[in-house]
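Here are the chains, one letter per residue:
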Amino acid sequence: MTLSGSALTIGAFDGVHSGHQALIRSTVLSAQRLGVPSVVYTFDPPPKALLCGARPLTSIGEKVARISALGPDHIVVARFDAAYRARTATDFIQDLGRIAPLVIWIGSDFRFGSCKKGTPELLAGYFDTRILPAVCCESGEVVSSTRIRALRAAGRVLEAERLEGWSELLPFRRSSDNGGHHATA
Ligand SMILES: Cc1cc2nc3c(=O)[nH]c(=O)nc-3n(C[C@H](O)[C@H](O)[C@H](O)COP(=O)(O)O)c2cc1C
Ligand SMILES: Nc1ncnc2c1ncn2[C@@H]1O[C@H](COP(=O)(O)OP(=O)(O)OP(=O)(O)O)[C@@H](O)[C@H]1O
C-alpha cells in the first residue's frame, strides 16, 4: 500500500485494550483534521508471542475486527517472523515512507526494530510524532497487554476484560474469528 499522506499509529495492539483504543482514536481524529487517511500498522503474531511465547489475547481476526470498530481507513498487518524481527529501526522508518505519515501517534514506551533500538525520539527525527499519555485503570496502574495476560493466567477474567475495555463496547462478542478486510505489509 502506498499513500501520499496519512495519520498513523503503530503497535502490536494485542487485545486492543483501552490504551490502544485511545491511541487509535487520536489517530483517526488527527486524520480527519488533516484530511488524510488514518492507518493502523500492526504485527501478526504479536512480537511477544514469537519472542517470549506469550499467548495472544485474541486471534488476528478478532484483533482486526476490534481495530476496524474504531474507524481507521486502513489496517496494515505485517507478518512478524524471524526475518521481520531482524529489521532495524532504520529499515522500518524507510518502510513507513510508503505510508507518508504527516503525524504518528505512539505511547512513550514504544520501541521498534532489532535490539529495540527504535525510540519515540528517533521517530521524531523523521516524522511529526505525538506521544499519548499512558492510559491507566481506576487504581492508577498503566493498562498493558502484559498485565491483562497475567490477570487471565491468574483466573481473574473479569478484571482482565475490564482492562481490555471491550465487554461494554461489544457486550455479546467473545474472542472469535470474525476477521475484517485488511492489507498485509
Ligand atoms: C518494525 C518493528 C516493530 C515492532 N513493534 C513492536 C511493538 O509494537 N511491541 C513489541 O513488544 N515489540 C515490537 N517489536 C519487537 C521489538 O522491537 C524487537 O524486535 C524485539 O524485542 C526483538 O528484539 P531482538 O531481536 O533484538 O531481541 C517490533 C519490531 C520491529 C522490527
Ligand atoms: N496504557 C497505554 N496508554 C497509552 N498508550 C499505550 C498504552 N499501552 C500501550 N500503549 C502504546 O500502544 C502502542 C502499542 O504497544 P504494545 O502493543 O506493545 O502494547 P502494550 O500494552 O505495551 O503491550 P505489552 O504489554 O505486550 O508490551 C505503543 O505505542 C505503546 O506505547
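None of the values given here were measured: they were computed from a predicted structure. (Residues numbered from 1 in each chain as written. Chains lettered and ligands numbered in written order. Predicted model: local features only at pLDDT ≥ 70, side-chain atom pairs only at ≥ 80, totals over all residues. Heavy atoms only, no water.)

K.L.:
I keep staring at the site of ligand 1 and nothing clicks. Help me out?
P.N.:
With respect to spatial proximity, 17 residues lie near ligand 1, and among them Arg85, Phe92, Gly113, Cys115 and Lys116 are the closest. Alanine 12 is positioned with one of its backbone polar atoms (N or O) 3.2 Å from an oxygen atom of ligand 1. Within the backbone of cysteine 115, one N or O atom sits 2.5 Å away from an oxygen atom of ligand 1. With the chains in place, 83% of the 620 Å² that ligand 1 exposes on its own is no longer accessible. Of all elements in the fold, only helix 2 (47-52) and helix 4 (82-85) reach the threshold of two or more residues within the shell around ligand 1. (Near = heavy atom within 4 Å. Polar contact = N/O pair within 3.5 Å; in protein donor to acceptor, adjacent residues only side chain to side chain. Areas by Shrake-Rupley, 256 points an atom, 1.4 Å probe, with all protein chains shown as cover. Helix = DSSP H or I, 4+ residues; strand = E, 2+ residues; numbered from the N terminus.)

K.L.:
Would you mind going over the UniProt feature "domain: FAD synthetase" (unreviewed entry) in the protein chain with me for this structure?
P.N.:
The feature "domain: FAD synthetase" (unreviewed entry), as given by UniProt, occupies residues 4-146 in the numbering adopted here. The distance separating the terminal C-alpha atoms of residues 4-146 is 35 Å; by composition the span is 36% helix and 20% strand. (UniProt positions renumbered as here; feature names shortened; annotations may be inferred.)

K.L.:
Help me out: how do you make sense of the packing of aromatic side chains in this one?
P.N.:
The description of an aromatic ring pair rests on the distance of the ring centres and on the angle between the ring planes. If you walk through the whole model with that rule in mind, you get nine aromatic pairs. Taking the centre distance of 6.1 Å and the plane angle of 70° together, the rings of phenylalanine 43 and phenylalanine 80 count as edge-to-face. Residue phenylalanine 43 is found in strand 2 (residues 38-44), and its partner phenylalanine 80 is found in the loop between strand 3 (74-79) and helix 4; the two are separated by 37 residues along the sequence. Consider the rings of phenylalanine 92 and phenylalanine 112, whose centres lie 5.7 Å apart with planes at 55°: the pair is tilted. In this pair, phenylalanine 92 is assigned in helix 5 (residues 89-96) and phenylalanine 112 in the loop between strand 4 (101-107) and helix 6 (120-124), connecting sequence segments 20 residues apart. Per residue, the accessibility class of phenylalanine 92 equals that of phenylalanine 112, and both read buried. By the ring-pair criterion, three or more aromatic residues cluster together here, those being Tyr41, Phe43, Phe80, Tyr84, Phe92, Phe110 and Phe112. (Phe/Tyr/Trp six-rings, centres within 6.5 Å; stacked < 30°, edge-to-face > 60°. Buried < 20%, exposed > 50% of the residue type's maximum accessible area, 1.4 Å probe, protein only.)

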